[in-house]
Amino acid sequence: MHFKPILKDFLALFFPRICPACESEVLNDESITICLTCMMELPTFDIDQFDNASNVVTNKFHGKVKVSNGTALYRYNKNARIQRLMHKIKYKEGQNIGMYLGRIFGNSVHQLSWSQDIDMIIPVPLHPKKLRIRGFNQAEKIAVGLSETMYKPINIEILQRSIFTETQTRKSRIQRWKNVQDVFEVREDKILELQGKHVLFLDDIITTGATMESGIKALLEAGASEVSVATLALAE
Ligand SMILES: [Zn+2]
């Protein structure tokens, strides 16, 4: 009966659990990944403000591209905890942290009235070169956590980063879906799945919003009815 807790304490001697945000040892009775102090100290946005169509996230795109709704979990500022956390989710060892944060985020987003209208979550695709080096897309990991808590499907096939090869640049049908900045393209064989859909476009950090802007344009031009934006952290 007492075997399991004892085994847990015993293992903790050799494999202490470290909070990814402050790197202090996490107490055994804390069943969470991030320690309670960090949960309190992390610069979290008040979720309620994101039920207004005009907020700190949607304002980033104001006058550039139509974004229906926007939401963010953390402020990306000088706070050492958030800096460390956002850095860690980009590394192989941090994949689970990304998913974990995605679950926390998804629980919040789920409370927003407009979240019910979302048809699919699309994480911002990583450039294939970066993907080869890193081995995974951190936005995709966050999307997994979001999907579990929002009960919405993820689609990682519709939107792609444009890869320029000579054969591709000659194909006008692929170019049709390229936006002005030529960063993203919608796969022609997947375009039907996008028609009339409300997409939740997700990234780990938004700073200027330029990358996302280009992806949003590609999605809308290819037939998405609406695009809303979610970011784990936002630099104001
Ligand atoms: Zn901590």
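These notes cover the structure that comes with them. (Residues numbered from 1 in each chain as written. Predicted model: local features only at pLDDT ≥ 70, side-chain atom pairs only at ≥ 80, totals over all residues. Heavy atoms only, no water.)

## Looking at the overall build of the protein
Phase 1: Of the regular secondary structure elements, the protein holds nine helices and six strands.
Phase 2: Sorting the 236 residues of the protein into buried and exposed places 47% on the buried side.
Phase 3: Of the contacts made within the protein by residues no fewer than 6 positions apart, 72% connect residues no fewer than 24 positions apart.
Phase 4: Split by element, the accessible area of the protein, about 12500 Å² in all, is 54% carbon and sulfur. (Helix = DSSP H or I, 4+ residues; strand = E, 2+ residues; numbered from the N terminus. Buried < 20%, exposed > 50% of the residue type's maximum accessible area, 1.4 Å probe, protein only. Contact = heavy atoms within 4.5 Å. Areas by Shrake-Rupley, 256 points an atom, 1.4 Å probe, with all protein chains shown as cover.)

## So, helix α3 (residues 80-88)
Phase 1: By the burial criterion, the buried members of α3 are Ile-82, Leu-85 and Met-86. Taken end-on, α3 shows its buried residues confined to a sector of 95°, consistent with a single buried face.
Phase 2: On the buried face of α3, the contacting elements are β1 (70-75), α4 (95-109), β5 (198-206) and β6 (226-234).
Phase 3: For α3, the N-terminal capping position is held by Asn-79, with its side-chain oxygen 2.8 Å away from the main-chain nitrogen of Arg-81. (Arc of directions from axis to C-beta. Polar contact = N/O pair within 3.5 Å; in protein donor to acceptor, adjacent residues only side chain to side chain.)

## Some words on the coordination of the zinc ion
Under ideal tetrahedral coordination, the four donors around a metal are separated by 109.5 degrees; under ideal octahedral coordination, the six donors are separated by 90 or 180 degrees.
Phase 1: Around the zinc ion, the protein contributes the donor atoms Cys-19 (SG), Cys-22 (SG), Cys-35 (SG) and Cys-38 (SG), which lie 2.2 to 2.4 Å from the metal centre.
Phase 2: Metal-centred angles of 106 to 113° between the four donor atoms at the zinc ion mark the site as tetrahedral.
Phase 3: Summarised as a motif, the one-chain spacing of the donors to the zinc ion is C-x2-C-x12-C-x2-C. One end of the pair, Cys-22, is in the loop between α1 (3-14) and α2 (36-41); the other, Cys-38, is in helix α2, with 16 residues separating them in the sequence. (Donors = N, O, S within 2.8 Å, 3.2 Å for Na, K, Ca; no water. Tetrahedral: all angles 85-135°; square planar, octahedral: opposite > 155°, others 65-115°.)

## A word on the environment of Ile-18
Phase 1: With respect to the helices and strands, Ile-18 occurs in the loop between α1 and α2.
Phase 2: When the C-alpha atoms of Ile-18 and Ile-34 are compared, they prove to be 8.3 Å apart, with 16 residues separating the residues in sequence.

## Topic: the pattern of salt bridges
Phase 1: Per the counting criterion, the structure on display carries nine salt bridges.
Phase 2: For Lys-190, the salt bridge goes to Glu-193, with nearest N and O atoms at 4.0 Å.
Phase 3: You can call Lys-190 buried: its relative accessible area is 16%.
Phase 4: What you see here is one network of salt bridges that share partners, running through Glu-23, Arg-84 and Lys-88. (Salt bridge = Lys/Arg side-chain N within 4 Å of Asp/Glu carboxyl O.)

## Description of the environment of Phe-45
Phase 1: Structurally, Phe-45 can be placed in the loop between α2 and β1.
Phase 2: Separated by 26 residues in the primary sequence, Phe-45 and Thr-71 place their C-alpha atoms 9.0 Å from one another.
Phase 3: Look past the residues within four positions of Phe-45 in its chain and what remains in contact with it is Phe-50, Val-56, Ala-72, Leu-73, Tyr-74, Arg-75, Leu-234 and Glu-236.

## Remarks on the packing of aromatic side chains
Phase 1: Evaluated as defined, the whole model comprises two aromatic pairs.
Phase 2: Summarising the aromatic geometry, the rings of Phe-45 and Phe-50 are spaced 5.7 Å apart at their centres and angled 75° between planes, so their arrangement reads as edge-to-face. Both residues of the pair, Phe-45 and Phe-50, belong to the buried class.
Phase 3: When the ring of Phe-184 is compared with that of Phe-201, the centres are 6.4 Å apart and the planes differ by 80°; the resulting orientation is edge-to-face. Taken together, the residues span a long stretch of sequence, with Phe-184 in strand β4 (residues 184-186) and Phe-201 in strand β5 at a distance of 17 residues. The two residues Phe-184 and Phe-201 agree in class, both being buried. (Phe/Tyr/Trp six-rings, centres within 6.5 Å; stacked < 30°, edge-to-face > 60°.)

## Describing the packing of α4 against helix α6 (residues 138-150)
Phase 1: The interhelical angle for the contact between α4 and α6, taken along N-to-C directions, is 40°, at an axis separation of 6 Å. Here α4 runs over α6; the crossing is right-handed. Between α4 and α6, the contacting residues are Gln-95, Gly-98, Met-99, Gly-102, Arg-103, Phe-105, Gly-106, Asn-107 and Val-109 on the first element and Lys-141, Ile-142, Val-144, Gly-145, Leu-146, Glu-148, Thr-149 and Met-150 on the second.
Phase 2: Looking at the contact of α4 with α6 residue by residue, the classes come out as seven nonpolar, seven polar and three charged. (Axes fitted to C-alpha atoms, helices over the stretch in contact; angles between N-to-C directions. Left-handed = near helix turned anticlockwise from the far one by under 90°. Nonpolar A, V, L, I, M, F, W, Y, C, P; charged D, E, K, R; others polar.)

## Focus: the nonpolar core
Side chains that are nonpolar tend, in soluble globular proteins, to be buried together.
Phase 1: Formed by 61 residues in total, the largest nonpolar core has its most connected members in Leu-101, Phe-201, Ile-216 and Leu-219.
Phase 2: Two domains each put at least three residues into this core: domain 1 (1-41) and domain 2 (42-234).
Phase 3: Apart from the residues within four sequence positions on either side, Phe-201 is in contact with Ile-122, Pro-123, Val-124, Leu-159, Met-212, Gly-215, Ile-216, Leu-219, Val-227, Ser-228, Val-229 and Ala-230. (Core = buried A, V, L, I, M, F, W, Y, C linked by side-chain atoms within 4.5 Å. Domains from an automatic or database assignment.)

By themselves, these observations are geometric and do not establish any function.
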